[in-house]
Amino acid sequence: MNERVLRILAPAGVLALGIVLWDLVVRINGIPPYILPSPGLVLSTLVTDWPILWSSLLATLETTLEGLALAVAGGIGLAVLFNQSRLIEHSLYPYAVILQVTPVVAIAPLLLIYLPQHAAVLACAWIVAFFPVLANTTLGLNSVDHNLADLFRLYGASRWQVLTELKLPAALPQMLAGIKIAGGLSLIGAVVAEIAAGSAGAGSGLAYRIAESGYRLNIPRMFAALLLLSLTGIAIFALLSWLTHLALRRWHESAIAREA
Amino acid sequence: MAASPSAPIVSLRGVGKLFGTGTVALDGLDLDVRDGEFLSLLGPSGCGKSTALRIIAGLSEPSRGAVTWRDGADARRGIGFVFQEPTLMPWTTVFGNVFLPLKLTGMDKAAAAPRIMETLSRVGLADFADAYPRELSGGMRMRVSIARAVVTAPRVLLMDEPFAALDEITRFKLNDDLVALWRELHMTVVFVTHSVFESVFLSNRIVVMTSRPGRVSSELAIDTPARDAKFRTSAEYAGYCRDASETLHQAMHAHAGAAA
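A short tour of the structure in this document, coming up. Quantities reported herein were computed from a predicted structural model and do not represent experimental measurements.

## Comments concerning the sheet that holds strand E1 (residues 10-18) of chain B
All names here are of chain B.
Link 1 in the chain: Overall, antiparallel pairing links the 3 strands, which are arranged E2-E1-E4 in an open sheet. A strand with exactly one partner marks an edge of an open sheet, and here the two such strands are strand E2 (24-33) and strand E4 (64-69). Here the average twist between neighbouring strands, direction ignored, is 15 degrees.
Link 2 in the chain: When E1 meets E2, the two strands line up antiparallel, connected through 6 bridges. Note on E2: the bridge partner recorded for Val 15 is Leu 29.
Link 3 in the chain: Each of E1, E2 and E4 is contacted by helix H1 (residues 49-57), which is oriented at about 60 degrees to E2, the strand it contacts most.

## Section: the nonpolar core
Link 1 in the chain: Counting residues in hydrophobic clusters, the biggest one holds 67 residues, and the most contacted among them are Phe 152 of chain A together with Val 10, Leu 12, Leu 41, Phe 81 and Leu 158 of chain B.
Link 2 in the chain: The element best represented in this core is helix H8 (residues 159-199) of chain A, accounting for 9 residues.
Link 3 in the chain: Not counting residues within four places of it along the chain, the set of residues in contact with Phe 152 of chain A comprises Ala 157, Gln 161, Val 162, Glu 165 and Leu 166 of chain A together with Met 89, Leu 100 and Leu 104 of chain B.
Link 4 in the chain: Ranked by size, the runner-up nonpolar core spans 51 residues in total, among them Leu 125, Met 142, Phe 201 and Val 208 of chain B.

## As for the interface of chain B and chain A
Link 1 in the chain: Contact residues are listed per partner, giving 27 residues for chain B and 20 residues for chain A.
Link 2 in the chain: Area buried by chain B at its contact with chain A is led by Trp 91, Leu 104 and Arg 134 of chain B, which between them contribute 33% of it.
Link 3 in the chain: At the junction of chain B with chain A, the criterion picks out 3 salt bridges.
Link 4 in the chain: With a shortest N-O distance of 2.9 Å, Glu 165 of chain A and Lys 103 of chain B are connected by a salt bridge.
Link 5 in the chain: At the level of elements, H1, strand E5 (79-82), helix H2 (94-104) and helix H4 (138-150) of chain B are the ones that each hand at least two residues to the side of chain B that touches chain A.
Link 6 in the chain: Considering each element in turn, the side of chain B that touches chain A owes the most residues, 4 residues, to H2 of chain B.

## Focus on the packing of helix H4 (residues 86-101) of chain A against helix H6 (residues 117-142) of chain A
Residue and element names in this part refer to chain A.
Link 1 in the chain: In the contact formed by H4 and H6, the axes pass within 9 Å of each other and the chain directions differ by 130 degrees. With respect to their mutual orientation, H4 and H6 come out oblique. Remark: the crossing between H4 and H6 carries left-handed chirality. Counting all contacts with H4, which are made through Tyr 93, Ala 96, Val 97, Leu 99 and Gln 100, the residues of H6 involved are Trp 126, Ile 127, Val 128, Phe 130, Phe 131 and Leu 134.
Link 2 in the chain: Partitioned by chemical class, the residues of the contact of H4 with H6 number 10 nonpolar, 1 polar and no charged.

## Concerning the packing of aromatic side chains
Link 1 in the chain: With the rule as written, the count across this model stands at 15 aromatic pairs over all chains.
Link 2 in the chain: Measuring from ring centre to ring centre gives 6.0 Å for Phe 82 of chain A and Tyr 93 of chain A, while their planes differ by 70 degrees; the resulting arrangement is edge-to-face. Taken together, the residues span a long stretch of sequence, with Phe 82 of chain A in helix H3 (residues 50-84) and Tyr 93 of chain A in helix H4 at a distance of 11 residues.
Link 3 in the chain: On the basis of relative accessible area, Tyr 93 of chain A is assigned to the partly exposed category, the value being 29%.
Link 4 in the chain: With centroids separated by 4.4 Å and ring planes inclined at 5 degrees, the aromatic side chains of Trp 126 of chain A and Phe 130 of chain A adopt a geometry described as stacked. Highlighted residues: Trp 126 of chain A and Phe 130 of chain A, both in helix H6, separated by 4 residues, approximately one helical turn.
Link 5 in the chain: When the ring centre of Phe 172 of chain B is taken as origin, the NZ or CZ atom of Arg 232 of chain B, which lies over that ring, is 3.9 Å away.
Link 6 in the chain: Above the ring of Phe 201 of chain B, the side-chain terminus of Arg 232 of chain B is found at 4.0 Å from the ring centroid.

## Thoughts on the side chain of Thr 63 of chain A
Residues and elements named next belong to chain A.
Link 1 in the chain: If you trace the backbone, Thr 63 turns up in helix H3.
Link 2 in the chain: The exposure class of Thr 63 is buried, given its relative accessible area of 5%.
Link 3 in the chain: Among the polar contacts made by the side chain of Thr 63, one reaches the main-chain carbonyl oxygen of Ala 59 at a distance of 2.9 Å.
Link 4 in the chain: When neighbours within four sequence positions are excluded, Thr 63 is seen to be in contact with His 118, Val 121, Leu 122, Ala 125, Ala 190 and Glu 194.

About the criteria used
Residues numbered from 1 in each chain as written. Chains lettered and ligands numbered in written order. Predicted model: local features only at pLDDT ≥ 70, side-chain atom pairs only at ≥ 80, totals over all residues. Heavy atoms only, no water. Pairing = 2+ DSSP bridges. Helix = DSSP H or I, 4+ residues; strand = E, 2+ residues; numbered from the N terminus. Axes fitted to C-alpha atoms, helices over the stretch in contact; angles between N-to-C directions. Contact = heavy atoms within 4.5 Å. Core = buried A, V, L, I, M, F, W, Y, C linked by side-chain atoms within 4.5 Å. Buried < 20%, exposed > 50% of the residue type's maximum accessible area, 1.4 Å probe, protein only. Buried area = accessible area lost by both parts, 1.4 Å probe. Salt bridge = Lys/Arg side-chain N within 4 Å of Asp/Glu carboxyl O. Parallel < 35°, antiparallel > 145°, perpendicular 65-115°, else oblique. Left-handed = near helix turned anticlockwise from the far one by under 90°. Nonpolar A, V, L, I, M, F, W, Y, C, P; charged D, E, K, R; others polar. Phe/Tyr/Trp six-rings, centres within 6.5 Å; stacked < 30°, edge-to-face > 60°. Lys NZ or Arg CZ within 6 Å of the ring centre and 35° of its normal. Polar contact = N/O pair within 3.5 Å; in protein donor to acceptor, adjacent residues only side chain to side chain.

Structure (structure tokens):
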């Protein structure tokens with residue numbers, strides 16, 4: 001079988017098998033929907049609850065994308081700043097690490113006290129997402145070919161030219177790898193903050209729906225919302241992978257298919 | 001002192017280079033580069049010939065001694081440099097790579113295009129302007145590197161073992177083309193190599209260097225008008241190669257004797 005077909009068919013087969021097993025387990029044991037809904041019920045809930053779920057999805061998606069955009073801007077901005085000045089790098093880098101290693105679940109309730117809710121959710125998404133962009137971009141900016149750097153010096157390139165013509169393009173592959181990780185993390189940050197906010201009694205995102213449905217024992221809706229969250233994560237990953245491929249396909253080894 | 005055409009275009013007097021690791025790469029190096037000549041620095045690995053080249057280029061500062069340019073220190077701006085590896089920017093095309101030195105001096109693409117295309121056809125790559133470096137063979141990449149170095153019409157072209165990593169057939173071809181370029185463009189070339197055959201084929205003058213510390217041990221003039229495929233198989237060429245080999249051996253032996 002063709003490699004490409006196999007790569008689609010194999011996971012699809014696993015998915016189908018899983019759904020069938022799930023359905024059989026529910027049917028044979030007569031499990032009530034408030035404990036484990038059947039896949040069919042989850043799907044029909046998705047359809048009947050679509051208006052609520054859709055607006056929740058949009059809310060979560062908005063936060064995630066805003067968080068990602070801020071993380072990309074902040075991560076690349078900080079990396080460039082660090083690259084230009086050792087003093088700034090040494091002064092700020094430890095705090096970037098501290099922000100990263102402190103679990104965002106623990107920060108979210110505090111942020112919700114000090115910030116308006118939307119800003120707090122956004123801040124959470126940003127905190128978890130910016131670090132991989134910063135770390136990867138920093139690595140990329142620092143791994144410029146020494147001879148190329150010498151060549152720029154030889155031709156009397158300005159600092160700005162070195163940054164825009166040499167360092168940033170050279171760092172692009174690592175930068176994009178960081179952004180790809182940040183996409184997933186931004187969704188996680190948004191969900192964590194929504195759940196923290198949700199328990200405080202406000203919010204309308206998908207994670208809030210999950211928390212709310214949990215309290216109401218509306219398990220089918222919990223599953224439907226979870227399914228949407230998963231699909232959102234997959235869509236973000238796929239989109240960022242595609243953008244990476246577009247940006248690197250002509251020149252970077254990672255994006256080039258090799259013939260054996 | 002007034003600039004006279006017979007004066008060396010650049011001279012090194014008593015140049016020493018001590019690296020931070022304690023390695024003495026060069027000590028008391030005296031070298032004159034004459035206007036319009038093809039000069040080879042020949043010596044074993046580690047004799048500091050690449051360091052000498054980097055010092056001429058201004059990429060490295062001498063620890064001792066002085067480098068004097070006949071036409072003033074600004075003359076350093078008019079040099080081209082070819083590294084051991086092609087050192088191309090993988091993210092841009094052949095055209096983009098050759099455009100780089102002109103772009104860094106502020107020339108716009110439209111104004112530079114005729115010059116770039118002319119240079120590319122000189123090195124036989126006119127049809128590959130839109131190709132990316134990874135799509136080219138090792139020899140072609142080196143041609144791009146040479147095109148990039150000569151596109152600014154440099155007075156002095158510095159080359160650091162540029163063909164060391166290429167196969168012999170490609171190397172011969174590039175040697176032929178380099179001689180042609182040198183003649184057409186009226187450049188001064190300083191060529192670092194550890195190949196006796198290559199240095200004899202290419203140069204007017206061979207300066208033999210010894211290692212630890214690197215300095216000039218002797219020099220050899222290659223006086224022949226013919227530098228073509230016929231010259232490569234001639235008795236004259238074989239004779240020069242024998243002379244150069246002996247000079248190199250003597251230099252290394254005398255040096256070993258002195259060190260013992």
